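# Reading the structure
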Amino acid sequence: MTLPSVAQLKAQAKRLKAALAEKGQKLSHSQALELLSAQYGFKDWNTAHAVASHQNQMSLAVGDRVSGSYMKQVFQGEVLALARIGPAGQYRVTLQFDEAVDVVTFDSFSAYRSRVTCLIDAEGVAIKRTSDGEPYLRLHRAD
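Now for a description of the structure that goes with this document. These numbers were taken from a predicted model, which means no experiment stands behind them.

### Focus on the sheet that holds strand β3 (residues 90-102)
- The strand order across the open sheet built from 5 strands is β4-β3-β2-β1-β5, with neighbouring strands paired in antiparallel fashion. The strands lining the two open edges of the sheet, one partner per strand, are β4 (112-120) and β5 (137-141). Ignoring which end each strand starts from, the neighbouring axes of this sheet average 35° apart.
- In the sheet, strand β2 (residues 73-85) pairs with β3 via 8 bridges, with the strands oriented antiparallel. If you follow Arg-84 over to β3, its bridge partner there is Tyr-91.

What follows is the structure, encoded as structure tokens:
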């Protein structure tokens, strides 16, 4: 279920309040917002508002062309799978690289990856970090 914008959520709450009023049930606007928040899986309106205000601007979809860096190596590839994980704006993304990426920095050893799955935030940055604090993945839409 995709989370609408804050304005759309407020409009939904207004319609819900009006529909219930027609049936003789009184509901405040804040109660309607809380009910909608629960419907979308949030604990309260403040949490829903925060997430809706900072939604993913990349709007990724399966099949999209992407670029970025994985383990500090530049790549281009395709989104094979994308799933929202919980209401906090995190996504599990599976990418197929056009060319395999060497994820080892030693000269005497290599380990290539052509398909990876990472947990990313709404900005396309991996949640997990390398030992030096760099995100595993930085993702950009290839337009």
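### Focus on the pairing of β3
- Two strands pair when backbone bridges link them, and β3 and β4 are joined in this way by 8 bridges, in the antiparallel orientation. Its bridge partner being in β4, Leu-95 is matched across the sheet by Val-116.

### Focus: the pattern of salt bridges
- Applying the stated criterion across every chain yields a total of 3 salt bridges.
- With its nearest N and O atoms 2.3 Å apart, the salt bridge here joins Asp-132 to Lys-72. With Asp-132 in the loop between β4 and β5 and Lys-72 in the loop between β1 (65-70) and β2, this residue pair connects regions lying 60 residues apart in the sequence.
- Judged by relative accessible area, which is 47%, Asp-132 ranks as partly exposed.

### Focus on the packing of aromatic side chains
- According to the stated counting rule, one finds 2 aromatic pairs in the structure shown.
- Ring plane angle 50° and centroid distance 5.8 Å describe the contact between Tyr-70 and Phe-97, whose orientation is recorded as tilted. Placement of the pair is Tyr-70 in strand β1 and Phe-97 in strand β3, with a sequence separation of 27 residues.
- Here Phe-75 and Phe-97 contribute two aromatic rings whose centre-to-centre distance is 4.6 Å and whose plane-to-plane angle is 40°, an arrangement assigned as tilted. A residue pair is termed long-range when its members are at least 10 positions apart, and Phe-75 in strand β2 and Phe-97 in strand β3 qualify at 22 residues. Neither residue differs from the other here; Phe-75 and Phe-97 are each classed as buried.
- One aromatic cluster is present, formed by Tyr-70, Phe-75 and Phe-97 through successive ring pairs.

### Here's the deal with the packing of helix α1 (residues 6-22) against helix α2 (residues 29-39)
- Put simply, α1 and α2 touch, their axes get as near as 9 Å, and they point 115° apart. On the basis of the axis angle, α1 is roughly perpendicular to α2. Two packed elements cross with a definite hand, and for α1 against α2 that hand is right-handed. In this structure, α1 uses Leu-9, Lys-10, Gln-12, Ala-13, Lys-14, Leu-16 and Lys-17 to contact α2, whose residues at the interface are His-29, Ala-32, Leu-33, Leu-35 and Leu-36.

About the cut-offs
- Residues numbered from 1 in each chain as written.
- Predicted model: local features only at pLDDT ≥ 70, side-chain atom pairs only at ≥ 80, totals over all residues.
- Heavy atoms only, no water.
- Pairing = 2+ DSSP bridges.
- Helix = DSSP H or I, 4+ residues; strand = E, 2+ residues; numbered from the N terminus.
- Axes fitted to C-alpha atoms, helices over the stretch in contact; angles between N-to-C directions.
- Salt bridge = Lys/Arg side-chain N within 4 Å of Asp/Glu carboxyl O.
- Buried < 20%, exposed > 50% of the residue type's maximum accessible area, 1.4 Å probe, protein only.
- Phe/Tyr/Trp six-rings, centres within 6.5 Å; stacked < 30°, edge-to-face > 60°.
- Parallel < 35°, antiparallel > 145°, perpendicular 65-115°, else oblique.
- Left-handed = near helix turned anticlockwise from the far one by under 90°.
- Contact = heavy atoms within 4.5 Å.

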